[in-house]
Amino acid sequence: MPEQKECGFHKTKERSEKEYKDLVNRLNRIEGQVRGIKGMVERDAYCIDILVQVAAVNAALNSFNKILLANHIKTCVADDVREGREETIDELVSILQKLMK
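Notes on the structure in this doc start here. As the structure is a prediction and not an experimental result, all values here were calculated from the model.

**Overview of the nonpolar core**
Logical step 1: If you look at the biggest cluster of nonpolar residues, it comprises seven residues: Leu-23, Ile-30, Ile-37, Met-40, Ile-50, Val-57 and Phe-64.
Logical step 2: When contributions to this core are tallied by element, the ones reaching two or more residues are helix 1 (17-42) and helix 2 (47-82).
Logical step 3: Broken down by element, the residue count for this core peaks at four residues, all from helix 1.
Logical step 4: Each residue touching Ile-50, except ones within four places of it in the same chain, is listed here: Ile-37, Met-40, Val-41 and Ala-45.

Printed below as a string of structure tokens:
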């Protein structure tokens, strides 16, 4: 894992080994699901079967986002607010608006 700085102005995040492994494992599973969908398209699978798999990938990405967002709020946002960096709240509101489109 590369060396990372704290949240806030540096725009990087130091993650625990457990958090890092969990996020990477989730992304590896999602990547495998996407490769599976590509294979289905290449094999001319039935559209509904592909759509079901796409829905599963969307759900996995949403789950990934929820975990990442919760960790961000508990660490970066909380720390920045305690240190008086209120602009972090604006950044959080902005990303929530993008995620809820």
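**Structural notes on helix 2**
Logical step 1: Helix length check: helix 2, at 36 residues, gives a terminal C-alpha distance of 50 Å against a target of 52 Å (1.5 Å per residue), a fit within 8%.
Logical step 2: At Ile-73, helix 2 shows its largest kink, close to 40°.
Logical step 3: Check the buried side of helix 2 and you find it contacts helix 1 and helix 3 (87-99).
Logical step 4: Residue Gly-84 follows helix 2 closely and has a positive phi angle near 85°.

**Side note on unusual backbone geometry**
Logical step 1: For Asp-44, which is not glycine, the phi torsion reads 60° and is therefore positive.
Logical step 2: Structurally, Asp-44 is set in the loop between helix 1 and helix 2.

About the criteria used
Residues numbered from 1 in each chain as written. Predicted model: local features only at pLDDT ≥ 70, side-chain atom pairs only at ≥ 80, totals over all residues. Heavy atoms only, no water. Core = buried A, V, L, I, M, F, W, Y, C linked by side-chain atoms within 4.5 Å. Buried < 20%, exposed > 50% of the residue type's maximum accessible area, 1.4 Å probe, protein only. Helix = DSSP H or I, 4+ residues; strand = E, 2+ residues; numbered from the N terminus. Contact = heavy atoms within 4.5 Å. Expected span 1.5 Å × (residues − 1). Bend = angle between axes of the 7 residues up to and from the residue.

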